[in-house]
Amino acid sequence: MTTDPRITAPQNGQRNRGPWTGWDAPRERWLLSGFPRDGRERAMLLELAARIVFPTVLVLSIYLLFAGHDRAGGGFSGGLVAGQAFALRYLAGGRMDDSAIISLRPPVLIGLGLTIATLTGFVPLMFGNELLESAIYKIGVPLLGQIKFVTSIVLDIGVYLLIIGVVLDLLRTLGSGVEADAAAAERGQA
C-alpha cells in the first residue's frame with residue numbers, strides 16, 4: 001500500500017504539521033487527484049460529485065420511504081434510490097473506498113430486512129387480525145400537531161433494508177468479478 005507522507009493524519013490528538021511547505025496540503029486523501037489507492041488513477045471529479053450527491057440521494061430515499069403510504073414511494077422505491085447512491089459511490093471509489101463511517105455488510109442487511117418484513121406480516125395474526133393487516137395511530141405532539149403512524153411503515157423499512165442489501169451484494173459480487181478480470185488482464189500483459 002502506497003502512503004503519501006504529506007497526508008498522514010495526526011495520531012492521538014497530536015497536531016502533526018510537518019514541514020511548513022506542506023501546511024496547505026489537503027488532509028483528506030480523497031481530494032487528491034491521481035492518488036493511487038489501489039495502484040490505479042482515480043477521477044477526482046467523479047469522486048467529488050459522489051461525495052456531494054451521496055448524502056442528498058440517501059435523504060431522498062428516506063423521504064420516499066416515509067412518504068410511500070400516501071404518495072408515490074415506499075420501501076421498494078426508497079431502497080432502489082438508496083441503491084443507486086451506493087452504486088455511484090462504488091463507481092467513484094471502488095471497493096477500496098475507505099471513507100465510510102460504518103461498514104455495511106450486505107448479508108446482514110438482507111437478513112435484517114427480510115426478518116423485519118416477515119415478522120411485520122405475521123404480527124397481526126397474534127392479535128386475531130388478518131395477515132399483513134395494518135393499523136393507523138394518531139398521536140398529538142406539542143408544537144408538531146397530530147402525527148399519524150401507520151404500522152405498515154415497519155414493513156416498508158424491512159423492504160428498504162432488504163433492497164439496499166441486495167444492491168450492495170450485487171455490487172460486491174459483480175465488482176469483484178470485474179476487478180478479478182482486470183487483475184488477470186494486467187498479469188497477462190506483464
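Just above sits the structure.
What counts and how
- Residues numbered from 1 in each chain as written.
- Predicted model: local features only at pLDDT ≥ 70, side-chain atom pairs only at ≥ 80, totals over all residues.
- Heavy atoms only, no water.
- Pairing = 2+ DSSP bridges.
- Helix = DSSP H or I, 4+ residues; strand = E, 2+ residues; numbered from the N terminus.
- Axes fitted to C-alpha atoms, helices over the stretch in contact; angles between N-to-C directions.
- Parallel < 35°, antiparallel > 145°, perpendicular 65-115°, else oblique.
- Contact = heavy atoms within 4.5 Å.
- Nonpolar A, V, L, I, M, F, W, Y, C, P; charged D, E, K, R; others polar.
- Salt bridge = Lys/Arg side-chain N within 4 Å of Asp/Glu carboxyl O.
- Buried < 20%, exposed > 50% of the residue type's maximum accessible area, 1.4 Å probe, protein only.

**Q** What exactly am I supposed to notice about the pairing of strand E2 (residues 145-150) here?
**A** Looking along a regular strand, one sees side chains alternate from face to face of the sheet. Strand direction decides the pairing type here: strand E1 (residues 136-141) and E2, joined by six bridges, are antiparallel. What sits directly across from Gly 140, in E2, is Gln 146. What sits between E1 and E2 in their antiparallel hairpin is a turn of three residues, with Leu 143 showing a positive phi close to 75 degrees.

**Q** Is there a simple way to think about the packing of helix H1 (residues 44-67) against helix H2 (residues 75-93) in this case?
**A** To describe two helices that pack against each other, one gives the angle between their axes and the distance between the axes. H2 packs onto H1 with a crossing angle of 170 degrees between their chain directions and a minimal axis gap of 8 Å. It follows that H1 is roughly antiparallel to H2 by the angle criterion. Of H2, the residues touching H1 (which contributes Leu 46, Glu 47, Ala 50, Arg 51, Val 53, Phe 54, Val 57, Leu 58, Leu 60, Ser 61, Leu 64 and Leu 65) are Gly 75, Ser 77, Gly 78, Val 81, Ala 82, Ala 85, Phe 86, Leu 88, Arg 89, Leu 91 and Ala 92. Among the residues making up the contact of H1 with H2, the classes are represented as 16 nonpolar, four polar and three charged.

**Q** What should I look at first to understand the environment of Ile 163 in this one?
**A** Looking at the secondary structure, you find Ile 163 in helix H4 (residues 152-189). When the C-alpha positions of Ile 163 and Pro 106 are compared, they lie 9.7 Å apart, and in sequence the two are 57 residues distant. Apart from residues lying up to four places away in sequence, Ile 163 is in contact with Phe 76, Gly 79 and Leu 80.

**Q** Please explain the pattern of salt bridges as it appears in this structure.
**A** Side-chain pairs of opposite charge can arise whenever the charged atoms involved come near each other. Evaluation of the coordinates by the stated rule reveals one salt bridge. One salt bridge in this structure joins Asp 169 and Arg 172, with 2.7 Å as the shortest N-O distance. Linking Asp 169 with Arg 172, this pair stays in helix H4, spanning three residues, or about one helical turn. Residue classification places Arg 172 among the partly exposed residues on the basis of a relative accessible area of 46%.

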